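Topology and contacts: notes
Letter by letter, the chains look like this.
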Amino acid sequence: MSSDVLSVLSYHVAPGGRLSGRHRVPGDKSISHRAVMFAALAEGTSTITGFLDGEDCLCTLRAFEAMGATVARLDRTTLRITGVGIDGLKDPGTVLDVGNSGTSMRLMCGLLAAQRFGSTLTGDASLRRRPMKRVTEPLAQMGATIHTQAGGRAPLQIEPAARPLNAIRYHSPVASAQVKSSILLAGLYAEGLTEVHEPEASRDHTERMLSAFGVRVEAREGYAAVQGGQRLRAIDIEVPSDISSAAFLMVGAAIAPGSDVTLEAVGLNPTRTGVLHILKAMGARISIANERTIGGEPVGDVRILGSALHGIDIDPRWVASAIDEFPALFIAAACARGETRLSGAAELRVKESDRISAMCNGLRALGIDAVALADGARISGGRLRGGSVESLGDHRIAMSFAVAALRAEQPITIRDCDNVATSFPGFSTLMQAAGLRLRVSTRHP
Ligand code: S3P
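1. Thoughts on the environment of L139
- Mapping L139 onto the fold places it in helix α5 (residues 133–141).
- By relative accessible area, which is 0% here, L139 ends up buried.
- Separated by 175 residues in the primary sequence, L139 and I314 have C-alpha atoms spaced 34 Å apart.
- The residues touching L139, leaving out its near neighbours within four places in the chain, are C109, G110, A113, A144, I146, S182 and A186.

This is the structure we're talking about:
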């Protein structure tokens, strides 16, 4: 069974306006996935607050419920999960459909590759197009047997494992937290030390949260390792607001003169803050207050004022830590004076959509000179005329073009916006409250 749905939502955004007020965007998607997975694997009962009740994380939640975790939803964003222990997962007895969620599929693949029962992981059409060899190959080196479709795509059929798995020292060709985490999770079931080296440091939420659950993890920039045979102990976790969701308001505020927005409790993990460095380098006025740590992660309140942006050559050092924010940053580039150049970001081509093509095509449809490169883009700031764009079912493409309307001369219509709910439930309501002139229409199929 697959989770493909017919898309019915479109956004219609009237041009102009500015953003203002104090807002709190929903919980971090990466951290919410991990909180559910690790609580399900732990011994005891964990309470998660600030959970992102978006479709992606709900897929993870349903999968772990099917494998035996007990979940009590105290309210939309508060969960109490009683784990089954590292050896307690049970055969879900059904195909695990994780919808649009690459994080669910790749992390769960590592975990399932080590179980004594077989399983099948599938997802929606977008996820079934995305590369999975990046996890199935290293997992095969650890002794797992995983059957893929042509080209290493999902559905993935995972055979029961002979334990223990082999510990490996893996040099990943890509900086990917999903690959690193998948291998580390399998490594919990391996004999010896499983090590992952990366070309650049990817987000380190797995390392931080596993440590909080009592697992000894060796971690430094571009390296993480875990010894097999360790157990997880239940904890309480507070999930910070997602900087990737905050990015749409940051860019919206930065491009719209007169804006003044404060975003509360935004996750500021240094492996995720590339968007702040890039916007500041473009001239954005951003300040951070009330810095503190919640759930082992740094957070702060981020204030952004309307700013005169200028184009830059994006420093390749910031690419990995801003990887999900480039769709929004392309809008900032379109509203900046001069040219912005991005390279070293080929990963954007294998996200929920090919984000380089999706953004460059959409920007050109709106009158901006945007040139797609194999691993990035060249965008000349200019007049955003308005018009109609395709999101290709990609949540971040839809939200990026919605905020672009703040600087457009005519309305912008974005089709195929249902998937915004994967990462940012309540986007339209929050953006309307902040000042975006957004209307949602529903086509009845
Ligand atoms: C994620 C890692 C990133 C990111 C994705 C979430 C995670 O993917 O793009 O949205 O939670 O580990 P890659 O691991 O493919 O870089």
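Continuing now.
2. Regarding the sheet that holds strand β21 (residues 369–373)
- Pairing in this open sheet of three strands is antiparallel, and the strands run β20-β22-β21 from one edge to the other. Sheet topology places β20 (339–342) and β21 at the edges, where each strand pairs with a single neighbour. With direction set aside, neighbouring strand axes in the sheet form an average angle of 5 degrees.
- Relative to strand β22 (residues 376–380), β20 is paired through four bridges, and the arrangement is antiparallel. Bridging from a neighbouring strand, R341 pairs with R378 of β22.
- Those strands touched by helix α10 (residues 326–334) are β20 and β22, and its axis lies near 25 degrees from that of β22.

3. Quick word on the sheet that holds strand β3 (residues 45–49)
- Strand order in the open sheet formed by four strands is β4-β5-β3-β16, with mixed pairing between adjacent strands. A strand with exactly one partner marks an edge of an open sheet, and here the two such strands are β4 (70–75) and β16 (236–238). Shown here is a sheet whose adjacent strand axes are inclined to one another by a mean of 15 degrees, direction ignored.
- Of the strand pairs in this sheet, β3 and strand β5 (residues 78–82) are connected by five bridges, and their pairing is antiparallel. In the strand pairing of β5, I48 is matched with L79.

Cut-off values and rules
Numbering of residues starts from 1 in every chain and runs along the sequence as written. Residue-level local features of this predicted model are given only where pLDDT is at least 70; pairs of side-chain atoms are given and counted only at 80 or more, and the full residue set underlies all totals for whole chains, interfaces and linings. The side-chain numbers reported here are obtained from all heavy atoms of the structure, hydrogens and water having been left aside. Per the convention used, a helix needs a DSSP run of H or I reaching at least four residues, while a strand needs a run of E reaching at least two, with both numbered from the N terminus. For every residue, the accessible area (1.4 Å probe, protein chains only) is compared with the maximum for its type, and the residue is labelled buried under 20%, exposed over 50%, or partly exposed between those bounds. Contacts are assigned to residue pairs that have any heavy atoms within 4.5 Å of one another. Strand pairing is assigned whenever DSSP identifies at least 2 bridges connecting the two strands. For every element, the axis is a line fit to its C-alpha atoms; helices are fit only across the contacting stretch, and the angle between N-to-C directions ranges from 0 to 180 degrees.

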